[in-house]
Each structure stands twice: as structure tokens, then as C-alpha cells.
Amino acid sequence: MDEAMAGKWICPMHPGVVKDEVGSCDICGMDLVTTESLGYVKVDAPKEAPLVIPVSAPLITGARAVVYVQLPERETPTYEGREVVLGPRAGDYYIVKSGLDEGEVVVTSGNFKIDSALQIRARPSMMSPKAEKAPMRGHHNH
Ligand SMILES: [Zn+2]
């Protein structure tokens, strides 16, 4: 339901008739009722689409996820590490449940370099390439 409907008055017969104050319907003259009484109550549903960030943005260590947010209005790019709560992954994106506001600039590449600079621990083993097995030596054919 639209948040704009909250606290308004509406005709039960004509949902298009919505007013800010109690009154009667312009079409049928029926007394308006509160939008809440018709189930137009907005409870906890988010108004906007969920905030998402690319999967490459967060640095996930155990149960924590950290993203780097570019601070606005700085002469030189300045970043702030921030812990966020991620929701489920949707394709190439994570839904952000909390920790970020819409419109903030998140670093999506090179965050490992920043991470090193800030000396937040990241296991080197996560970054090391997979050890490749040496090819098996076959039998010598004479
Ligand atoms: Zn009406």
C-alpha cells in the first residue's frame, strides 16, 4: 500500500476519492472513512525497492560484512569502512538490510587494497591462488 494513503480519508465505494480530512465522497456523498479502516495501513513495508550492492562490494569476514563508503564532499577521495547487514543474495547483488543509505557511494573494486591500508584483517589464504597439482608423470613408453 502507498504510504501517501496513510492517515487519509477515503470513500469505501470509490477508492479514487481520497481526502486529507474527514468529509463526504464527491461522487456518491457517502461519509469518508479512514484509509486505515480499509486496510491501507502501512506498517513496516519498505517504501522503496530494497537497497542492493554488487556482490563485489562487501568484504565478508565470517558473520560480518564491511563495505567502503566514499565520504561526500572531500577534496581527495576518502573512504570509511562500515559494517553492514546483508540480506539474501539476488543474482549479482546483495540486499542491504542496514548500514547503508540510498545514494551513498560504495567501493566495488580495489577494496582489498583499501582494506590492507586500513589494516583490517583479511586472511591471506583467501587471496592465494589454488595450488595446482603438478601433472602426473606417465609411464615411459619405449
Ligand atoms: Zn463514493
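As the structure is a computational prediction, the values presented were derived from the model and not from experiment.

Peer 1: Explain the coordination of the zinc ion here, please?
Peer 2: Angles between donor atoms at a metal ideally measure 109.5 degrees for a four-coordinate tetrahedral arrangement and either 90 or 180 degrees for a six-coordinate octahedral one. C11 (SG), H14 (ND1), C25 (SG) and C28 (SG) make up the full set of protein donors to the zinc ion, lying at 1.9 to 2.4 Å. Each of the four donor atoms around the zinc ion contributes to a set of angles spanning 105 to 115 degrees, which defines the coordination as tetrahedral. Coordination of the zinc ion draws on donor residues from a single chain, spaced C-x2-H-x10-C-x2-C in sequence. Here the residue H14 occupies a position in the loop between β1 (9-10) and β2 (18-19), and C25 occupies one in the loop between β2 and β3 (33-34), the gap between them amounting to eleven residues.

Peer 1: Whenever I open this one, the pattern of salt bridges confuses me. Can you help?
Peer 2: Should their charged atoms come close, side chains of opposite charge can pair. Inspection of every chain in the model, using the stated rule, returns five salt bridges. Where K8 meets D20, a salt bridge forms, and the shortest distance between an N and an O atom there is 3.4 Å. Of the two residues, K8 is situated in the segment before β1 and D20 in the loop between β2 and β3; the sequence distance between them amounts to twelve residues. The class of K8 is partly exposed, set by a relative accessible area of 23%. Judged by its relative accessible area of 56%, D20 is exposed. In this structure, the salt-bridge partner of K19 is D26, at a minimum N-O distance of 3.0 Å. Judged by its relative accessible area of 27%, K19 is partly exposed. One network of salt bridges, in which partners are shared, links E80, R82 and E104.

Procedures and definitions
Residues numbered from 1 in each chain as written. Predicted model: local features only at pLDDT ≥ 70, side-chain atom pairs only at ≥ 80, totals over all residues. Heavy atoms only, no water. Donors = N, O, S within 2.8 Å, 3.2 Å for Na, K, Ca; no water. Tetrahedral: all angles 85-135°; square planar, octahedral: opposite > 155°, others 65-115°. Helix = DSSP H or I, 4+ residues; strand = E, 2+ residues; numbered from the N terminus. Salt bridge = Lys/Arg side-chain N within 4 Å of Asp/Glu carboxyl O. Buried < 20%, exposed > 50% of the residue type's maximum accessible area, 1.4 Å probe, protein only.

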